[in-house]
Amino acid sequence: MAQFKNYIPNVPNVDVNSYLNIRRDVDSKMKQAIQVANSEVCAAAIRKWVILNGYNMRNIRTNINQVEKRCDGSGKWKLYGSCKWKLYSSLDRKRNSFTIKTPNSGHMCNRKMENRQALYGWISTKYLHKLRRNPNMTAALLIDDVMEKYCVQISISKAYRAKGHALELLRGSVIEHYIGLRSYKTELMRVDLDGRFDFVLGNETTFKGFYMGFSGLRKGFLKGCKPIIGFDGCFLKTFLGGALLSAIAKDGNNQMFPICWAVVESENEEYWMWFLKHLFDDLGIIDGNGWSFISDQQKGLINAISKLAPHAEHRNCACISIATGRRTLRVKR
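This section reports on the structure supplied with the text. Quick caveat, the model's predicted, so the values are computed rather than measured.

Some details on the pairing of strand β4 (residues 86-92)
When strand β3 (residues 66-71) meets β4, the two strands line up antiparallel, connected through five bridges. Counterpart to valine 67 in the pairing with β4 is serine 89. In this sheet, strand β5 (residues 97-102) lies alongside β4 in antiparallel orientation, the contact comprising five bridges. In the sheet register, leucine 91 faces β5, and the bridge partner there is phenylalanine 98.

Right, dumping it as structure tokens:
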């Protein structure tokens, strides 16, 4: 961090009172008293203030009735000089509020670049909006941004923890995602009684795939489209991964018409067989007579079609054939 050796942060040296968002007590016996809702609000305000001003502090006690903080250079922790900064607050039962009774008296120590109060949880809450817009933000970029904005130097491991915690807050945990699948399927079956929505499970509990075939799409394809279906699969570039299998046709306007799709663990022959069995059963396809299928050169899909619809016309996509031909010509040259 040599480039930040003489760095002067663009952070105001503000007073702690402005971060508590509360009023001063006018009682003459407690001229310096400040009232807050509870100890959590008080601790959060103090943490924000010491990070912005670059001070390290020691936690003497923190509970539902008391909060006491001291600078690292005060008392028996004389690490950075003889700083006398301290803050004590406690629960005032008469006012039914948490009152700061001994505010800070001014720091005598210098600004510290490494701040123990800048925990990964605090950093993650400050960068939720940035990570929502750019979830691929690197840990190195996060370290530089924290240094530039707060003048706090954090380690690479803390940056990774902060990023992971922020993404978990934005996306939710994997368990929360899968908990809602059964409810989602139940709701789909309620609104579309003629549709087909099926899970494929491993060991009766492990999620492997989810087939979604809406009755409106199926009926629209049978009544308004030619018996030509294109099959394709792609990887899902999410933090959960997987693959998306789809069956597409063309309508009277020469536009793509989706028939059904499925989210599966991976694109292979096993899952293509499972997907095609559901589709052929819905469309009434027995041996493929009178039907034409288009696909890429995925071996699992080719084998599945040849087994389930041996009499169907099966051709490769022209784009795939052209790309394959070009690669062959390059190899020969």
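Describing unusual backbone geometry
Even without being glycine, cysteine 151 reaches a positive phi, approximately 55°. Here cysteine 151 is to be found in the loop between α4 (139-150) and α5 (156-171). Although it is not a glycine, asparagine 254 sits at a positive phi angle of roughly 60°. With relative accessibility at 53%, the residue asparagine 254 sits in the exposed group.

Examining the side chain of aspartate 282
Of note, aspartate 282 is situated in helix α9 (residues 269-283). Reaching out from aspartate 282, the side chain makes a polar contact with the side chain of arginine 196 at a distance of 3.3 Å. Those residues within four positions of aspartate 282 in sequence are excluded, and the remaining contacts are Arg196, Tyr211 and Arg218.

Observations regarding the sheet that holds strand β10 (residues 256-264)
Sheet strands line up and pair through hydrogen bonds in the backbone, either parallel or antiparallel. An order of β6-β7-β10-β9-β8-β11-β12 is seen for the seven strands of this open sheet, with the pairing classed as mixed. Both outer strands of the open sheet, β6 (196-202) and β12 (313-316), are each paired with one neighbouring strand and no more. Neighbour to neighbour, the strand axes of the sheet diverge by 20° on average, direction disregarded. Pairing between strand β7 (residues 206-213) and β10: four bridges, direction antiparallel. Residue glycine 209 lies in a different strand from β10, and its bridge partner there is valine 264. Strands β7, β8 (228-235), β9 (243-250) and β10 of the sheet are contacted by helix α8 (residues 215-224), whose axis makes an angle of about 140° with β10.

Structural notes on the environment of asparagine 268
Relative to the helices and strands, asparagine 268 is located in the loop between β10 and α9. Using a relative accessible area of 25% as the deciding quantity, one classes asparagine 268 as partly exposed. Sequence spacing of asparagine 268 and glutamine 298 is 30 residues, and the spatial spacing of their C-alpha atoms is 8.2 Å. Contacts of asparagine 268, omitting those with residues within four sequence positions, involve Gln298 and Gly300. Within the structure, asparagine 268 has its side chain in polar contact with the backbone nitrogen of tyrosine 271 (distance 3.1 Å).

What to know about the pattern of salt bridges
The full count for this structure, using the stated rule, is ten salt bridges. Between aspartate 145 and lysine 130 there is a salt bridge, and its shortest N-O distance comes to 2.9 Å. Separated by 15 residues along the polypeptide, aspartate 145 in helix α4 and lysine 130 in helix α3 (residues 128-133) bring together distant segments of the chain. Residue classification places aspartate 145 among the buried positions, given a relative accessible area of 16%. Between glutamate 269 and lysine 307 there is a salt bridge; the shortest N-O distance is 2.7 Å. Residue glutamate 269 is found in helix α9, and its partner lysine 307 is found in helix α10 (residues 299-308); the two are separated by 38 residues along the sequence. When its relative accessible area of 25% is taken as the criterion, glutamate 269 is described as partly exposed. Several salt bridges converge on common partners, so that one network encompasses Arg196, Asp198, Asp281 and Asp282.

With respect to a nonpolar patch on the surface
A surface patch of nonpolar side chains, about 330 Å² in accessible area, is lined by Val174, Tyr178, Phe239 and Leu240. Residue position: phenylalanine 239 is located in the loop between β8 and β9. Looking at phenylalanine 239, the relative accessible area reads 40%, which means it is partly exposed.

Reading the values: rules and limits
- Each chain carries its own residue numbering, running from 1 in the direction its sequence is written.
- Local features in this predicted model are restricted to residues whose pLDDT is 70 or higher, and side-chain atom pairs enter the listing and the counts only when it is 80 or higher, whereas totals over whole chains, interfaces and linings include all residues.
- To obtain the side-chain values, all non-hydrogen atoms of the structure were used and water was disregarded.
- Paired strands are those between which DSSP finds at least two bridges.
- A run of H or I in DSSP becomes a helix once it reaches four residues, and a run of E becomes a strand once it reaches two; helices and strands are each numbered from the N terminus.
- Each residue is placed in one exposure class: buried if its accessible area under a 1.4 Å probe, protein chains only, is under 20% of its type's maximum, exposed if it is over 50%, and partly exposed if it falls in between.
- Polar contacts, as used here, are pairs of N or O atoms within 3.5 Å; protein pairs need one atom able to donate a hydrogen and one able to accept it. Residues neighboring in sequence count only if both atoms are side-chain atoms.
- Contacts are assigned to residue pairs with any non-hydrogen atoms lying within 4.5 Å of each other.
- A fitted line through C-alpha atoms serves as each axis, taken over the contacting stretch for helices, and the angle formed by two N-to-C directions is quoted from 0 to 180°.
- Within this document, salt bridges are pairs made up of a side-chain nitrogen of Lys or Arg and a carboxyl oxygen of Asp or Glu, the two lying within 4 Å of each other.
- Patch membership is restricted to residues that have no salt bridge and whose relative accessible area is over 30%. Joining uses 9 Å for like charges and 5 Å for the nonpolar side chains Val, Leu, Ile, Met, Phe, Trp and Tyr.
- Methods summary: accessible areas were calculated by the Shrake-Rupley approach with a probe of 1.4 Å, and residue burial reflects only the protein chains presented.

Everything listed is a geometric property; what it means functionally is a separate question.
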